[in-house]
Amino acid sequence: MMKAYRWRLSLPMITGIVCVLAFVALLYNETISSLSSTSFLSFRSTTCPRRHTQAGEIKRKDNREKEEEEKEERLEYDADICDITEGKWVYNNRSIKPLYSDTSCAYLDRQVSCGKNGRPDSGYLYWHWQPDECSLPRFDPKRALRKLRGKRLMFVGDSLQRGQWQSFVCLVDSIIPVGQKSMKRGRLLSVFTAKEYNATIEFYWAPFLVESNSDEKIIGDPKQRILKVDTVAKHAKHWLNVDYLAFNTYVWWMSGLKIKSL
């Protein structure tokens, strides 16, 4: 009768078998990972046709960031180093909201009110001047009034200067409560008062700045106008003790090659 043969595994044999099994398992896992990675990449390449669109979005984003960097590189406004005469007009109807319009401000004369004269669009309100080398700060009505507290600001000149005066009044008007402001219009002198700030914003009519016979009652015929080119005393008495003066005169002098003067 034959005896059944029994295998007896020694320790070295057991160790060798374990190592072989571990090696086979490692190869299996790497093969599966490689196949999965290849399938995933293949899936992405066949199901993501928007690659060019994404590249375009990235390019636009880079351009926006570049524009922001260029804007930040501009100097903050400094009157001593910023040349505001070199620049360009920029249109912006997204981030800039006009501080007033000819329908929201009651102090504009009809001759400078585009809406009242039939202009249908309002696009002209969104243009602003951008110097090349610095950024002009946006007009701040509260800051302007704080600077004017207890002071007088006067615009002196012709109808162009009167328009500048009206514009400045409109810029600060919206933040002043109804009971804290007043307007007094006169033939030569007009005064807007911000009572809370004890400040006045004034306009004085002097189209030539110097004295003339066309100051109070305008003479339509330029040949009949007579100027006293060496005197401003008649007008100057109205701007004595004024803190800030803004002068302007131009077109009234463009009436011909000759001017009658005393």
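Everything discussed here concerns the structure shown above.
Quick summary incoming for the structure in this document. (Residues numbered from 1 in each chain as written. Predicted model: local features only at pLDDT ≥ 70, side-chain atom pairs only at ≥ 80, totals over all residues. Heavy atoms only, no water.)

## Details of the sheet that holds strand 12 (residues 260-261)
What holds strands together in a sheet is hydrogen bonding between their backbones, with the strands either parallel or antiparallel. In space, the three strands of this open sheet follow the order 9-10-12, with mixed pairing throughout. Where the open sheet ends on each side, the last strands, each with one partner, are strand 9 (211-212) and strand 12. Bridging between strand 9 and strand 10 (residues 226-228) involves two bridges; their strand directions are antiparallel. Each residue of the ladder has a partner; that of E211, found in strand 10, is K228. (Pairing = 2+ DSSP bridges. Helix = DSSP H or I, 4+ residues; strand = E, 2+ residues; numbered from the N terminus.)

## Re the state of the cysteines
Counted under the stated rule, the structure contains two disulfides. Sequence-ordered numbering of the disulfide-bonded cysteines in the protein chain gives the connectivity 1-3, 2-4. (Disulfide = S-S within 2.5 Å.)

## Considerations on the side chain of S190
Residue placement: S190 occurs in strand 7 (residues 189-194). Those residues in contact with S190 that lie beyond four places of it in its chain are W165, K184, R185, I201, E202 and F203. (Contact = heavy atoms within 4.5 Å.)

## Points about the sheet that holds strand 11 (residues 244-248)
One open sheet accounts for five strands, arranged 6-7-8-5-11; its pairing is mixed. Strands with a single pairing partner mark the edges of an open sheet, and in this sheet they are strand 6 (181-184) and strand 11. Along the sheet, successive strands turn relative to each other by an average axial angle of 10°, direction set aside. Taken together, the five bridges between strand 5 (residues 152-157) and strand 11 define a ladder with parallel strand orientation. Residue pairing across strands places F155 opposite A246, the latter belonging to strand 11. (Axes fitted to C-alpha atoms, helices over the stretch in contact; angles between N-to-C directions.)

## Let's talk about the environment of E202
Its place among the elements puts E202 in strand 8 (residues 199-205). For E202, a relative accessible area of 4% corresponds to the buried category. As a C-alpha pair, E202 and L153 span 49 residues in sequence and 6.1 Å in three-dimensional space. Within the structure, E202 has its side chain in polar contact with the side chain of T200 (distance 2.7 Å). (Buried < 20%, exposed > 50% of the residue type's maximum accessible area, 1.4 Å probe, protein only. Polar contact = N/O pair within 3.5 Å; in protein donor to acceptor, adjacent residues only side chain to side chain.)

## A short note on the pattern of salt bridges
Any two side chains of opposite charge can pair if their charged atoms end up close together. Tallied over the entire structure, the rule returns six salt bridges. Two residues, D121 and R119, come together in a salt bridge whose shortest N-O distance is 3.0 Å. Look at R119 and you get partly exposed, because its relative accessible area is 39%. Salt-bridge contacts for E202 lead to R152; the nearest nitrogen and oxygen are separated by 2.8 Å. (Salt bridge = Lys/Arg side-chain N within 4 Å of Asp/Glu carboxyl O.)

## Observations concerning the side chain of Q166
Within the element layout of this structure, Q166 appears in helix 4 (residues 159-173). Beyond its immediate sequence surroundings of up to four residues, Q166 is in contact with Y107, L108, D109, V112 and R185.

## Brief notes about the environment of Y107
Within the fold, Y107 resides in the loop between strand 2 (87-91) and strand 3 (127-131). In this structure Y107 comes out as buried when scored by relative accessible area, which is 17%. Separated by 85 residues in sequence, Y107 and F192 have C-alpha atoms that sit 9.8 Å apart. In this structure, Y107 is in contact with Q166, V169, C170, D173, K181, M183, R185 and F192, ignoring residues within four places of it in sequence.

## As for the pairing of strand 7
As paired strands, strand 6 and strand 7 are joined by four bridges and run antiparallel to one another. Directly across from K184, in strand 7, lies its bridge partner V191. From the end of strand 6 to the start of strand 7, which pair antiparallel, there are four residues. Both strand 7 and strand 8 contribute to a ladder of six bridges, which runs antiparallel. Within strand 8, the residue paired with L189 across the bridge is Y204.

That's the geometry; what it means functionally is another story.
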